Amino acid sequence: MTKRISAKHKIDRRLGENIWGRPASPLNNRAYGPGQHGQRRKGKLSDYGLQLRAKQKLKGYYGSVTEKAFKRLYTEAARVKGDTGENLIGLLESRLDAIVYRAKFVATVFAARQFVSHGHVLVNGKRVNIPSYQVKIGDKIEVRERSKQLTVVLEATQLAERDVPDYVEADHSKMTATFVRVPALADVPYPVQMEPNLVVEFYSR
């Protein structure tokens, strides 16, 4: 278990938002930053501070994405045609671990990364253990047969706190999902407001 996973709730408190919308977030009880001086850390942010915060919030939402990997996605988003911010969201939501999470095969984005890494997921019938794998429209994602009865899977499909978005078609009776389309920012069920435009400004400085 990485330090990032063990301290994931600190991300919520550092950013001052329950970015995954989970009932267990400590922010529901302590709406201030972590550490000794957390309650005194309020103040107006500069433009750079707002941009940095937007980047940390979006990157943090997807779990253990490294800065290097996130910057690589931004570079790809800026290279292709269209709005860079929207392209970035599309690339993030096309990650295999993101789709496993959206399909409700597991309860959290952190669990999704681990679930893929441990080889529990097939893409078009072939095992893929790379969380950052870019899924294409029409690809079929499924939980391996011997993994379908895992407690973490059975519990996740029953979660009432979030629904499967319409750009992913999930069949929990077969534990399969199909990536229907690349979503726009407005399609993604973020519990908090994401500002990819500020992320673009951050990297464009």
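These figures come from a predicted structure and were not determined experimentally.

Describing the overall build of the chain
Part 1: Of regular secondary structure, the chain possesses nine helices and five strands.
Part 2: When the helices and strands of the chain are placed in sequence order, the string is α-α-α-α-α-α-α-β-β-β-α-β-β-α.
Part 3: Split into buried and exposed, the 205 residues of the chain put 49% on the buried side.
Part 4: Considering only contacts in the chain between residues 6 or more positions apart, those separated by 24 or more positions represent 60%.
Part 5: A total of about 11100 Å² of accessible surface is found on the chain, and carbon and sulfur atoms cover 49% of it.

Description of the pattern of salt bridges
Part 1: On inspection of all chains with the given rule, the structure shows seven salt bridges.
Part 2: In this structure, arginine 181 engages aspartate 166 in a salt bridge whose closest nitrogen and oxygen atoms are separated by 2.8 Å. Of this pair, arginine 181 sits in the loop between strand S5 (176–179) and helix H9 (196–204) while aspartate 166 sits in the loop between helix H8 (151–157) and strand S4 (168–171), and the two are 15 residues apart along the sequence.
Part 3: Taking relative accessible area as the criterion, arginine 181 reaches 29% and is therefore assigned partly exposed.
Part 4: Sharing partners across several salt bridges, the network here consists of Asp166, Arg181 and Asp187.

Topic: H9
Part 1: Those residues of H9 that sit buried are Pro196, Leu198, Val199, Val200, Phe202 and Tyr203.
Part 2: Along its buried surface, H9 packs onto helix H3 (47–61), helix H4 (67–79) and helix H5 (84–93).

Side note on the side chain of histidine 120
Part 1: With respect to the helices and strands, the residue histidine 120 is situated in the loop between helix H7 (109–117) and strand S1 (121–123).
Part 2: Ignoring any residue separated from it by four or fewer positions in sequence, one finds histidine 120 in contact with Phe115, Glu142, Val143, Arg144, Ser147 and Leu150.

Topic: the pairing of S4
Part 1: Pairing geometry for S4 and S5, over four bridges, is antiparallel. Residue pairing in the sheet places aspartate 171 in a bridge with threonine 176 of S5.

Focus on the sheet that holds strand S2 (residues 126–127)
Part 1: On the basis of which strands lie adjacent, the open sheet formed by five strands has the order S2-S1-S3-S5-S4 and antiparallel pairing. The two strands at the open ends of the sheet, each matched to only one other strand, are S2 and S4.
Part 2: Both S1 and strand S3 (residues 140–143) contribute to a ladder of three bridges, which runs antiparallel. Bridging from a neighbouring strand, valine 123 pairs with isoleucine 141 of S3.

So, the environment of tyrosine 167
Part 1: Inspection of the secondary structure puts tyrosine 167 in the loop between H8 and S4.
Part 2: Sequence separation of tyrosine 167 and valine 182 is 15 residues, and the distance between their C-alpha atoms is 6.9 Å.
Part 3: Excluding its chain neighbours within four sequence positions, the residues that come into contact with tyrosine 167 are Glu93, Arg102, Thr178, Phe179, Val180, Arg181, Pro183, Asp187, Val188 and Pro189.

Cut-off values and rules
- Residues numbered from 1 in each chain as written.
- Predicted model: local features only at pLDDT ≥ 70, side-chain atom pairs only at ≥ 80, totals over all residues.
- Heavy atoms only, no water.
- Helix = DSSP H or I, 4+ residues; strand = E, 2+ residues; numbered from the N terminus.
- Buried < 20%, exposed > 50% of the residue type's maximum accessible area, 1.4 Å probe, protein only.
- Contact = heavy atoms within 4.5 Å.
- Areas by Shrake-Rupley, 256 points an atom, 1.4 Å probe, with all protein chains shown as cover.
- Salt bridge = Lys/Arg side-chain N within 4 Å of Asp/Glu carboxyl O.
- Pairing = 2+ DSSP bridges.

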